[in-house]
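Now for the letters of each chain:
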Amino acid sequence: MQPHQLNPLIEPQFDAVTEYILNHLGSNVPLVENIGHYIVESGGKRLRPLLVLLAANACGYEGKEHIPLAAVIEFIHTATLLHDDVVDNSELRRGNATANAKWGNAPSVLVGDFLYSRSFQIMVEIGEMAIMEVISNATTVIAEGEVLQLLNQRNPDTTEESYMNVILGKTAMLFEAATECGAILAGSDEKSREALRLYGRHLGIAFQLVDDVMDYLSSSEEMGKNVGDDLAEGKATLPLIHAMRSGSEEERKQVREAIRQGGLDDLTPILEIVRNTGAIDYTRQKAQEQVDLALAALQSLPATSFRETLEQIAGMAVQRTS
């Protein structure tokens, strides 16, 4: 079951977001539309816009502006994917060729810029300054997170603290903005706004940590990307950081060298080291801790079906395989 199917009250709103997104990809330049439609229609769960809808509803919102707001979050997310795939030289995402593999790097970057711009056009139409403030701050932090990740690339001395700062910026910040903006739109009090902000932050961190695990466990078919992509790009994600910390001297040297070199020549022995050192269980434990914090944050909200769905999504975050 897809996350948006957990709550029948949300499904029509989710469908309205999809329609809104497709109706706002229009451009006088056909290539912009082609790439925009390609990436938007490539099979993602649209979890982040779903969180906008659920957060607004959990705070009693009865208007319609959460539909364009959810589209804003999805456009920003899609823009980051386009840019990320160029930076990482990725060729596969969600089981399909990436836009940069299909059209080239320059069009992908420029269409990502278009989606950022379109999202801010929509925000101006919504006309809520507090939302613009949260999202503009979030996009800045996301960019900083991506640069920090780039600085950590092929660096085996990356610490767990440094890595958590990376994923807080590049992944969790948009989750946090999605849920906080849903609360702002609903005119909720500071307590509810903070509760949903923290829920989004902790859910986003958990989501990324599970992604890290899947890079060493899942098949390409399950993940929609190539197994070992993180290692190939020289990314010292949490499983590798823990493996270096907990493995033997020889294992530590082998992981460090694999991170420095990048590529997939050492994938098989590195997979074995990751599993033998308990790195998978450790990372899952850290993800579960974040889920527990997300669930705790929700307890101050009224008990509604929307809060229940947010709780279910948090549970699904650590169980997913794609």
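Quick note: structure is the one above.
Just so it is clear, the model here is predicted, and its values are computed rather than measured. (Residues numbered from 1 in each chain as written. Predicted model: local features only at pLDDT ≥ 70, side-chain atom pairs only at ≥ 80, totals over all residues. Heavy atoms only, no water.)

A. Up close: the overall build of the protein. Per the secondary structure count, the protein includes 16 helices and 2 strands. The C-alpha radius of gyration of the protein comes to 19 Å, within 12% of the 20 Å expected for a compact globule of 322 residues. In terms of principal-axis extent, the alpha carbons of the protein reach across some 60 × 45 × 35 Å. The buried share of the protein, taken over its 322 residues, is 54%. In the protein, the proportion of contacts linking residues at least 24 apart, taken out of those at least 6 apart, comes to 75%. A total accessible area of about 13600 Å² is found for the protein, and carbon and sulfur atoms account for 50% of it. Charged side chains of the protein number 26 positive and 46 negative; the gap between the two group centres comes to 2 Å. (Helix = DSSP H or I, 4+ residues; strand = E, 2+ residues; numbered from the N terminus. Rg over C-alpha atoms; globule rule 2.2 N^0.38 Å. Buried < 20%, exposed > 50% of the residue type's maximum accessible area, 1.4 Å probe, protein only. Contact = heavy atoms within 4.5 Å. Areas by Shrake-Rupley, 256 points an atom, 1.4 Å probe, with all protein chains shown as cover. Lys, Arg positive; Asp, Glu negative; His and termini not counted. Charge placed at Lys NZ, Arg CZ, Asp CG, Glu CD.)

B. Representation of the packing of helix α3 (residues 47-58) against helix α9 (residues 190-214) within the structure. Relative orientation of the contacting elements α3 and α9 amounts to 155°, with a least axis distance of 12 Å. In terms of orientation, α3 and α9 fall into the roughly antiparallel class. Here α3 runs over α9; the crossing is right-handed. Packed against α3, whose contacting residues are Leu-47, Arg-48, Leu-51 and Ala-55, the element α9 presents Leu-196, Tyr-199, Leu-203 and Phe-207 at the interface. (Axes fitted to C-alpha atoms, helices over the stretch in contact; angles between N-to-C directions. Parallel < 35°, antiparallel > 145°, perpendicular 65-115°, else oblique. Left-handed = near helix turned anticlockwise from the far one by under 90°.)

C. The nonpolar core, seen in detail. The biggest cluster of nonpolar side chains holds 101 residues, and the ones touching the most others in it are Leu-51, Ile-135, Tyr-199 and Ile-270. The greatest single-element share of this core, amounting to 14 residues, is contributed by helix α8 (residues 160-185). In this structure Leu-51 touches Phe-175, Ala-178, Thr-179, Tyr-199, Leu-203, Leu-310 and Ile-313, once residues within four positions along its chain are discounted. (Core = buried A, V, L, I, M, F, W, Y, C linked by side-chain atoms within 4.5 Å.)

D. Spotlight on the side chain of Ser-162. Considering the arrangement of structural elements, one finds Ser-162 in helix α8. In this structure the side chain of Ser-162 is engaged in a polar contact, spanning 3.2 Å, whose partner is the side chain of Asn-152. Among residues more than four places away in sequence, those in contact with Ser-162 are Leu-148 and Asn-152. (Polar contact = N/O pair within 3.5 Å; in protein donor to acceptor, adjacent residues only side chain to side chain.)

E. Fine view of the side chain of Arg-307. On the secondary structure map, Arg-307 appears in helix α16 (residues 305-317). Residue contacts for Arg-307: discarding those within four places in its chain leaves Ala-58, Leu-298, Gln-299, Leu-301 and Pro-302.

F. Expanded view of the environment of Leu-50. On the secondary structure map, Leu-50 appears in helix α3. Given the relative accessible area of 1%, Leu-50 is considered buried. If we skip the residues at most four places from it in the chain, Leu-50 touches Pro-3, His-4, Ile-10, Phe-14 and Ile-313.

G. Focus on the packing of aromatic side chains. Evaluation of the coordinates by the stated rule reveals 2 aromatic pairs. Considering the side-chain rings of Tyr-38 and Trp-103, the 5.2 Å spacing of their centres and the 80° angle between planes classify their relative orientation as edge-to-face. Highlighted residues: Tyr-38 in helix α2 (residues 30-40) and Trp-103 in helix α5 (residues 99-103), separated in sequence by 65 residues. Judged by relative accessible area, which is 23%, Tyr-38 ranks as partly exposed. Take Trp-103: its relative accessible area is 27%, and that puts it in the partly exposed class. A centroid spacing of 5.4 Å and a plane angle of 45° characterise the contact between Phe-175 and Phe-207, whose relative ring orientation is tilted. Taken as a pair, Phe-175 in helix α8 and Phe-207 in helix α9 lie far apart in primary sequence, 32 residues in all. The ring centre of Phe-207 lies 5.6 Å from the NZ or CZ of Arg-48, which sits over that ring. (Phe/Tyr/Trp six-rings, centres within 6.5 Å; stacked < 30°, edge-to-face > 60°. Lys NZ or Arg CZ within 6 Å of the ring centre and 35° of its normal.)

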